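Single-letter residue listing:
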Amino acid sequence: MAFITALQLLPPRQRAALILRDVLGFRASEAANILDCTEESVTSALKRARAALQYQRTQATDLKPPQPGCAQERELVRRFTQAYEARDVQELVALLTEDAWLIMPPVPLRYQGRELAARFWAATAFRPGRSARLVPTRANGQPAFGLYIRDPRTPVAHAIGILVLTLAGSQISAVTGFLDNSALPMFGLPRTLPD
């Protein structure tokens, strides 16, 4: 999931060059043939893609995430769950780093910073009449949740995807929402929950 998220940041030519060269192992000449361009163009796109991914990594806060399962991580997960289910935007924003990201691959929407996160959550996830339930799991070694939306007409909550938290010290530096039910079985999560 982290790799897919990173790929969303790249323009199409850079993404293609990176996948063909670094993931699939094609030589520059083969990638150029596939992309119908010159080897120089492939090499240049690959350099820019690598630089963009490196830049993205260095922009992340220098704070290390807490150890998986430690008290600090458990407390962050508890507070996030409680605030999300209570629709408490102010508490959620307080858990974020100043430069935190909200990302929703493959949708090309990305919001950075507390103010934009607050506006996004208020307008979408916590709009009137909508309430959520989170079921904890892990993805890529990070805290994650099955995201379920309560059906206002029946006592059922329907899964809409997975939320993954990227932690930095005692805060959250990114919330990545994969709004797709196809991954639920890999996490042992059902499509519906009794509410």
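Reference entry: report on the structure contained in this document. (Residues numbered from 1 in each chain as written. Predicted model: local features only at pLDDT ≥ 70, side-chain atom pairs only at ≥ 80, totals over all residues. Heavy atoms only, no water.)

1. What to know about the overall build of the protein chain
A count of helical and extended segments in the protein chain gives seven helices and seven strands. Helices and strands appear in the protein chain in the N-to-C order α-α-α-α-α-α-β-β-α-β-β-β-β-β. Based on the C-alpha atoms only, the size of the protein chain along its principal axes is roughly 55 × 35 × 30 Å. A total of 195 residues make up the protein chain; the buried ones form 40% of that total. Distance between charge centres in the protein chain, computed from 23 positive and 17 negative side chains, equals 2 Å. (Helix = DSSP H or I, 4+ residues; strand = E, 2+ residues; numbered from the N terminus. Buried < 20%, exposed > 50% of the residue type's maximum accessible area, 1.4 Å probe, protein only. Lys, Arg positive; Asp, Glu negative; His and termini not counted. Charge placed at Lys NZ, Arg CZ, Asp CG, Glu CD.)

2. Quick notes on helix α5 (residues 71-86)
What sets the pattern is the α-helix's 3.6 residues per turn: residues three or four places apart point alike. With 16 residues, α5 ought to run about 22 Å at 1.5 Å a step, and its terminal C-alpha atoms sit 22 Å apart, in line with that. Where α5 is buried, its residues touch α6 (89-95), α7 (114-123), β3 (132-139), β4 (142-150), β5 (156-168) and β6 (171-178). Positive backbone phi, at 60°, marks Arg 87, one or two positions downstream of α5. (Expected span 1.5 Å × (residues − 1). Contact = heavy atoms within 4.5 Å.)

3. Comments concerning the layout of surface pockets
Empty space within the second largest pocket amounts to approximately 230 Å³. As for the second largest pocket, its lining consists of 18 residues, of which Tyr 84, Met 104, Phe 120, Ala 125 and Leu 179 are closest to the centre. Broken down by secondary-structure element, the contributors of at least two residues to the lining of the second largest pocket are β1 (96-103), α7, β4, β5 and β6. For the lining of the second largest pocket, the leading source of residues is β6, giving three residues. Tallied by class, residues from the lining of the second largest pocket come to 13 nonpolar, three polar and two charged. (1 Å grid on protein atoms, 1.4 Å probe; cavity = no way out; pocket = protein on both sides within 12 Å on 5 of 7 lines; lining within 4 Å. Points joined across faces, edges and corners; volume = space filled by probe spheres on them. Nonpolar A, V, L, I, M, F, W, Y, C, P; charged D, E, K, R; others polar.)

4. Description of the packing of helix α2 (residues 12-23) against helix α3 (residues 28-35)
Axis separation between α2 and α3 bottoms out at 10 Å; the angle between their running directions is 135°. One way to sum up the angle between α2 and α3 is to call them oblique. As for how α2 packs across α3, the hand of that crossing is right-handed. For the pair α2 and α3, the contacting residues are Arg 13, Ala 16, Ala 17, Leu 20 and Arg 21 in the first and Ala 28, Ala 31, Ile 34 and Leu 35 in the second. (Axes fitted to C-alpha atoms, helices over the stretch in contact; angles between N-to-C directions. Parallel < 35°, antiparallel > 145°, perpendicular 65-115°, else oblique. Left-handed = near helix turned anticlockwise from the far one by under 90°.)

5. Description of the pattern of salt bridges
In the structure shown here, the tally under the stated rule is seven salt bridges. The closest approach of N and O atoms between Glu 30 and Arg 27, which form a salt bridge, is 3.6 Å. A salt bridge links Glu 91 to Arg 79; the nearest nitrogen and oxygen atoms lie 2.8 Å apart. Taken together, the residues span a long stretch of sequence, with Glu 91 in helix α6 and Arg 79 in helix α5 at a distance of 12 residues. A relative accessible area of 29% means that Arg 79 is categorised as partly exposed. (Salt bridge = Lys/Arg side-chain N within 4 Å of Asp/Glu carboxyl O.)

6. A look at the packing of aromatic side chains
Per the counting criterion, the structure on display carries five aromatic pairs. An angle of 45° between the planes, with centres 6.5 Å apart, marks the rings of Trp 121 and Phe 126 as tilted. Like Phe 126, Trp 121 is buried. Among the aromatic residues, those joined into a cluster by ring pairs are Phe 80, Tyr 84, Trp 121, Phe 126 and Phe 145. (Phe/Tyr/Trp six-rings, centres within 6.5 Å; stacked < 30°, edge-to-face > 60°.)

7. Notes on the nonpolar core
Ranked by size, the top nonpolar core spans 28 residues in total, and within it Phe 80, Tyr 84, Trp 121, Leu 163, Ile 172 and Val 175 carry the most contacts. Put simply, the parts of the chain that give this core at least two residues each are α5, α6, β1, α7, β3, β4, β5 and β6. In terms of residue count, α5 provides more of this core than any other element does, five residues in total. Excluding residues within four positions of it along the chain, Ile 172 makes contact with Leu 76, Phe 80, Leu 95, Leu 96, Thr 97, Ala 100, Leu 165, Thr 166 and Leu 167. Grouped together as the second largest cluster of nonpolar side chains are 13 residues, Ala 157, Ala 159, Ile 162 and Val 164 included. (Core = buried A, V, L, I, M, F, W, Y, C linked by side-chain atoms within 4.5 Å.)

8. Comments concerning the environment of Gly 69
Secondary-structure assignment places Gly 69 in the loop between α4 (39-59) and α5. Gly 69 sits in the partly exposed class, given a relative accessible area of 36%. Measuring from C-alpha to C-alpha, the distance between Gly 69 and Leu 20 comes to 37 Å, with 49 residues separating the pair along the chain. Beyond its immediate stretch of four places on either side in the chain, Gly 69 contacts Arg 74 and Arg 138.

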